Amino acid sequence: MDILLKAATIVDTFSPAHLQIADIFISNGIIVSITANCQKAADKVIDVPGLCVSPGWIDVFAHFCDPGYEFKETLETGAAAAASGGYTDVFVLPNTNPVIQNKGTCQYIVQKTSSLPVRLHPIGAVSKDTDGKELTEMYDMEQSGAVAFSDGTRSIQSAGLLLKALQYVKAVDKTIIQVPDDKSINAHGLMNEGIVSTGLGLPGKPAIAEELAIVRDIELAKYTASKLHITGVSSKKGIDLIREAKKEGIQVSCSVTPYHLISCDADLEQYDTNLKVTPPLRTAEDRAALKAAVLDGTVDCIASHHTPQDRDQKEIEFEYAKPGMIGLQTSFAAVATALPQLGTEKLVALFSTNAAKLFGLHQSSISENVPASLTIFSLEVQWTFTADNNLSRSKNSPFFGKRFTGKPLGIITKDGLFLNHL
């Protein structure tokens, strides 16, 4: 298939054409030419306002629920939503049934990649059955394609176990991913503890539960001189702690979710269960601190925390609803909307190149005679997310009907083109 991108701004610091506007001609998955005013005939011509092209985007924390919970999401539906959201690569969580905790379950995920538009990278479980008691065979999983290790949505509570895991992964140069949450502190909290939770009559989860976990985990990373990635950071103090750890030279990185940048606990006044997430939405002050951390470079990546839930787990009383929202298709638009002052270079770093560097993924530059692994997007296109253009199997999003400025248009890989409706 021949594809022509017209007047595309190339956003790739490793490309000789970085920040240039050019026509890009791609044939059978190979970038053939990067020129001005290309006249070659193509099967598909993409010419939209503000067209940009970057190395393929990477999501470092998404739940595809397969195997075991295919009624919420499958690898196929998750990959379709990811491609629509501009992702060429997705790290999938181990919280499946069976848990991704051995070479067989890793191979199951990896082998599915050959028939899907998106490369799926398994995150191997740190502990058996993610119960926080006994280490898995992480070396075997690394040899079978595990890109990192984490207990996923189940934050590791044992300091001793996390210390051993951090020591273990040094041998294979991998990273532990951790959601910061001390579950001994009001584990039954339904939202952020504060003025809003008091007014709504809902039990709160205080930010100190996150902050204590961050302090502990940073100290363990320092002690072991190992690599730790903290995802879902939601509080001002939490991000400040990570900023200081980075200044000390500790090998800690972090990601935030789009919904922590665009929403806060005040948005829960209508008891929208789709806004019930973990970690919970914090205050407007916390949200402002996260935005500042994105702008100053403290935040390394945007992680969707895509968590499908079926209707029975969301269309019930707030108290009983399961946490999480889908987010693959809206991540870019939510960040672009929350932080319109972010330039294209910073957006691409947050969605693509920083994650590739942190987790050791190979990324080809946008150059001639190189296989294509590209995301195409526009910061000018306006669009509305609806149930009709949702490609996830689940529908737990608070953003249906929301108008966004900034849209992922699709992906181009060696396997072909996945394009959103233009």
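Residues numbered from 1 in each chain as written. Predicted model: local features only at pLDDT ≥ 70, side-chain atom pairs only at ≥ 80, totals over all residues. Heavy atoms only, no water.

### A few points about the nonpolar core
In step 1: Ranked by internal contacts, the top residues of the largest apolar core, which has 82 residues, are F64, V90, L120, I176, V233, L261 and F351.
In step 2: In this structure, V90 is in contact with D59, A62, F64, A82, V118, R119, L120 and H121, ignoring residues within four places of it in sequence.
In step 3: Among the nonpolar cores identified, the runner-up in size contains 20 residues, and A22, I26, V53 and I366 belong to it. (Core = buried A, V, L, I, M, F, W, Y, C linked by side-chain atoms within 4.5 Å. Buried < 20%, exposed > 50% of the residue type's maximum accessible area, 1.4 Å probe, protein only. Contact = heavy atoms within 4.5 Å.)

### Some remarks on the pairing of strand β18 (residues 403–413)
In step 1: Taking burial as the measure, the 11 residues of β18 include 9 buried ones, the bulk of the element.
In step 2: With 9 bridges joining them, strand β17 (residues 373–384) and β18 adopt antiparallel strand pairing. By the bridge assignment, S378 is partnered in β18 with K407.
In step 3: In textbook terms, the turn of a hairpin is the stretch between consecutive antiparallel strands, and for β18 and strand β19 (residues 416–419) this stretch comprises 2 residues. (Helix = DSSP H or I, 4+ residues; strand = E, 2+ residues; numbered from the N terminus. Pairing = 2+ DSSP bridges.)

### Remarks on helix α7 (residues 236–247)
In step 1: For α7, which comprises 12 residues, the first-to-last C-alpha distance of 17 Å matches the rise-based estimate of 16 Å (1.5 Å per residue) to within 8%.
In step 2: The complete set of buried residues in α7 reads G238, I239, I242, R243 and A245. Looking straight down α7, one finds that the buried residues subtend no more than 160° of arc, so they occupy a single side. What points out from α7, more than 90 degrees from its buried face, is the exposed set K237 and K247.
In step 3: Count one or two residues on from α7 and you reach G249, which has phi positive near 90°. (Expected span 1.5 Å × (residues − 1). Arc of directions from axis to C-beta.)

### Structural notes on the packing of aromatic side chains
In step 1: One pass over the full model with this rule turns up 14 aromatic pairs.
In step 2: When the centroid spacing of 6.3 Å and the interplanar angle of 70° are considered together, the rings of W57 and Y87 count as edge-to-face. Of this pair, W57 sits in strand β6 (residues 57–62) while Y87 sits in strand β7 (residues 87–92), and the two are 30 residues apart along the sequence. For the residue pair W57 and Y87, the accessibility class agrees, reading buried in each case.
In step 3: With a centroid separation of 6.2 Å and an interplanar angle of 70°, the aromatic rings of W383 and F385 are classed as edge-to-face.
In step 4: Using a relative accessible area of 8% as the deciding quantity, one classes W383 as buried.
In step 5: Judged by its relative accessible area of 2%, F385 falls in the buried class.
In step 6: Taken together, the ring pairs in this structure connect W57, Y87, F332, F351 and F377 into an aromatic cluster. (Phe/Tyr/Trp six-rings, centres within 6.5 Å; stacked < 30°, edge-to-face > 60°.)

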